[in-house]
Amino acid sequence: AHRPRECTQLPCSRHLPTVGEGSSSCSPAPSPAPQPLSTMQRTAALILALSCTAAALTVPKGNAALVKSASAIAAPADLDAAPARAVAAKPRGGGMPLFMGMDVGLLGYFFFWYLGNYYYNISNKFALKAAGGALGYPMTISTLQLGVGSLYAMFLWMAPDARPFPKVTPKDLVKLVPVAFCSAGAHAGSVFALSAGAVSFGQIVKAAEPAFAAVVGTLLYGKTISLAKWLCLIPVIGGVCLASLKELDFAMSALVAASAANVFAAFKGNENAKVMAAPGLKDRIGSVGNQFAITTIMSFLISLPLIAIRGESLAGFAQLWKTNPVVRFNVLASGLYFYGYNELATMTIKKTNAITQSVANTAKRVIIIIGVALVLGEDLPTIKLVGSAVCIGGVFLYSIIDSLLAK
């Protein structure tokens, strides 16, 4: 007679309950021996590796001079211009050497940015499901993820020769409050969306962020968006609608939460640009890493009272933390992944041009939507894939359309 498999203590993509479904009770069992990677996991890893390599092969504008003949620089008639050309030819990825036409340092940034984002979504979903999904402790988990990142940021400041402490004043911190508030809202909205529905669906909605940024920037910050960009938003919104048609794990709360995250992200981008324009603030902060660290710490402090406002029991979560190693491990892991991949993304974007950034963000969305869906066993019907392709394609076109028309 067929004997069903015994339930183990640690969940996997085949054993996790769906959102809104109670967790099956089972007695703790010894952890099984490590199993070889499944076909789906190997496929996801292959997609990850290929996308990282493709992004790194996209040569930034600053590297274009490297392909020119060296004789043009060394020509006697042009000796005065040679030093300037040599500086322009330096790879934008920093001091790392080129290997087979690739910037090694930039390749590493891309790889760990994508890898961190990929594993964040998986560990975040595991933590949310183990803690009860949308009806459990999403605000608490969101806040603790920011807290883990805050501890890591402070560790870097205290560690010798790791990162210099910023020289910001209390007035500088007050100016950064709107940015931190929007950052906390964007993160909480994303976590709520992923707790209420499929990760793939939440990522598709989040890919429509340029539409929200265009509306917020135009109406409230006086920004001008070209007609071509407005037209590119049609496939972005249409793609989200297509992906929603046959979403088996569709929840209105997931759509609303992801949209709210996009609104907060749009405000954050505009507020950050306004604040960083203040004279001397960049110098006092010191680096992009310091800016993200300060924002993360302030976002954590802002999020703390929201746990009580939402009515989540800290005592109940503390008991869950003590008794459930899945919650404990994945909250800590997702916090580190979240902080790490966001800081790497900031460094990567700083070292690349606009076209490379568009390619990188488009590839990242594809990796998360397909790779995480494969690992978590989420449904990927044809209409959902078509909708995600239309949406992400529209976002990519939105990012480069002005540059294309300017040529």
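Quick caveat, the model's predicted, so the values are computed rather than measured. (Residues numbered from 1 in each chain as written. Predicted model: local features only at pLDDT ≥ 70, side-chain atom pairs only at ≥ 80, totals over all residues. Heavy atoms only, no water.)

Visitor: Which residues make up the overall build of the protein, and what values go with them?
Guide: Tallying secondary structure elements over the protein gives 16 helices and two strands in all. Counting all 407 residues of the protein, 45% fall into the buried class. Once local pairs closer than 6 in sequence are excluded, the contacts in the protein between residues at least 24 apart make up 85%. A total accessible area of about 20600 Å² is found for the protein, and carbon and sulfur atoms account for 69% of it. (Helix = DSSP H or I, 4+ residues; strand = E, 2+ residues; numbered from the N terminus. Buried < 20%, exposed > 50% of the residue type's maximum accessible area, 1.4 Å probe, protein only. Contact = heavy atoms within 4.5 Å. Areas by Shrake-Rupley, 256 points an atom, 1.4 Å probe, with all protein chains shown as cover.)

Visitor: An account of the packing of helix α4 (residues 104–130) against helix α14 (residues 325–350) is needed here, citing residue identities and associated values.
Guide: Contact pair α4 / α14: the axes reach a minimum separation of 7 Å and the direction vectors enclose 150°. Between α4 and α14, the angle is such that the two are roughly antiparallel. Between α4 and α14 lies a crossing of left-handed hand. Of the residues belonging to the contact of α4 with α14, the class tally is 20 nonpolar, seven polar and no charged. (Axes fitted to C-alpha atoms, helices over the stretch in contact; angles between N-to-C directions. Parallel < 35°, antiparallel > 145°, perpendicular 65-115°, else oblique. Left-handed = near helix turned anticlockwise from the far one by under 90°. Nonpolar A, V, L, I, M, F, W, Y, C, P; charged D, E, K, R; others polar.)

Visitor: Account for the packing of helix α9 (residues 227–245) against helix α16 (residues 382–406), with residues named and values stated.
Guide: Here α9 crosses α16 at 170°, and the two axes come no closer than 7 Å. The angle between α9 and α16 falls in the class roughly antiparallel. Among the residues making up the contact of α9 with α16, the classes are represented as 17 nonpolar, four polar and three charged.

Visitor: Give me the lowdown on the environment of P166, citing residues and values where you can.
Guide: By the element assignment, P166 lies in the loop between α5 (138–158) and α6 (170–196). Judged by its relative accessible area of 6%, P166 falls in the buried class. Taking the C-alpha atoms as reference points, P166 and N290, 124 residues apart in sequence, are found 6.6 Å from one another.

Visitor: Requested: an account of the nonpolar core, with residues and values cited.
Guide: W113, Y114, Y118, I141, F317, V327 and V372 are the most contacted members of the largest nonpolar core, which totals 33 residues. Elements supplying a minimum of two residues to this core: α4, α5, α6, α13 (314–323), α14 and α15 (354–376). Ranked by residue count, the leading element in this core is α4, at 11 residues. Setting aside its immediate chain neighbours within four residues, W113 contacts Y341, L344, A345, T348, A360, N361 and K364. Residues A198, V236, A251 and A257 belong to the second largest nonpolar core, which totals 19 residues. (Core = buried A, V, L, I, M, F, W, Y, C linked by side-chain atoms within 4.5 Å.)

Visitor: So what's going on with the packing of aromatic side chains? Which residues, and what values?
Guide: The geometry of two aromatic rings is summed up by the distance between their centres and the angle between their planes. The final tally for this structure, using the stated rule, is 16 aromatic pairs. With centroids separated by 5.9 Å and ring planes inclined at 45°, the aromatic side chains of Y120 and Y341 adopt a geometry described as tilted. Placement of Y120 in helix α4 and of Y341 in helix α14 is noted, with a sequence separation of 221 residues between them. Assessed through its relative accessible area of 4%, Y120 is described here as buried. Overall, Y341 belongs to the buried group, its relative accessible area being 11%. Judged by centre distance (6.0 Å) and plane angle (70°), the rings of F181 and F264 are edge-to-face. (Phe/Tyr/Trp six-rings, centres within 6.5 Å; stacked < 30°, edge-to-face > 60°.)

Visitor: An account of the side chain of S303 is requested, with residue identities and associated values reported.
Guide: Structurally, S303 is set in helix α12 (residues 288–310). Note on S303: relative accessible area 0%, which makes it buried. Beyond its immediate chain neighbours, meaning those up to four positions away, S303 contacts M139, T143, L146 and A184.

Visitor: So what's going on with α4? Which residues, and what values?
Guide: Helix length check: α4, at 27 residues, gives a terminal C-alpha distance of 39 Å against a target of 39 Å (1.5 Å per residue), a fit within 8%. Taken across its 27 residues, α4 has 19 buried, putting it largely inside the fold. (Expected span 1.5 Å × (residues − 1).)

Visitor: Account for the pattern of salt bridges, naming residues and giving values.
Guide: Under the defined criterion, the tally for this structure stands at five salt bridges. Across the salt bridge formed by E343 and R163, the nearest N and O atoms sit 2.1 Å from each other. On the criterion of sequence distance, the pair formed by E343 in helix α14 and R163 in the loop between α5 and α6 is long-range, its members being 180 residues apart. Taking the relative accessible area as the measure of exposure, E343 reaches 7% and is therefore buried. (Salt bridge = Lys/Arg side-chain N within 4 Å of Asp/Glu carboxyl O.)

Visitor: Describe in detail the environment of Q145, supporting the description with residues and values.
Guide: Checked against the element boundaries, Q145 lands in helix α5. Q145 sits 185 residues away from N330 along the chain, and the two C-alpha atoms are 9.8 Å apart. Those residues within four positions of Q145 in sequence are excluded, and the remaining contacts are Y120, N124, H187, V191, V331, S334 and G335.

Visitor: Tell me about a nonpolar patch on the surface, residues and numbers included.
Guide: A grouping of V215, L219, L220, L227, W230, L231 and I234 is seen on the molecular surface, where their side chains present a nonpolar patch of about 750 Å² in accessible area. Within the residue set of the nonpolar patch, elements represented by two or more residues are α8 (209–220) and α9. Considering every element that reaches the nonpolar patch, the biggest residue donor is α9, with four residues. Residue placement: L220 occurs in helix α8. (Patch = residues over 30% accessible without salt bridge, like charges linked within 9 Å, V, L, I, M, F, W, Y side chains within 5 Å.)

Visitor: Before we move on, can you summarise the side chain of N121 with the specific residues and values?
Guide: Mapping N121 onto the fold places it in helix α4. Polar contacts involving the side chain of N121 include one to the side chain of Q203, which spans 2.9 Å. With sequence-adjacent residues up to four places away left out, N121 is seen in contact with L194, V199, Q203, I368 and V372. (Polar contact = N/O pair within 3.5 Å; in protein donor to acceptor, adjacent residues only side chain to side chain.)

Visitor: How would you sum up unusual backbone geometry? Please name residues and give values.
Guide: Although it is not a glycine, D161 adopts a positive phi angle of roughly 60°. Assignment of secondary structure puts D161 in the loop between α5 and α6.

Visitor: Provide a residue-level description of the confidence of the model for the protein, including the pertinent values.
Guide: Residues of the protein with pLDDT of at least 70 account for 72%, and the chain-wide mean is 76. Here helix α2 (residues 70–74) stands out as the element of the protein with the lowest mean pLDDT, 38, in contrast to α5, whose mean of 95 is the highest. Below a pLDDT of 50 lies the segment residues 1–38, which in the model reaches 34 contacts outside its immediate sequence neighbourhood of four places, other chains included. With pLDDT under 50 throughout, residues 47–96 is counted as low confidence; its partners more than four residues away or in other chains account for 62 contacts. (pLDDT = per-residue confidence, 0-100.)

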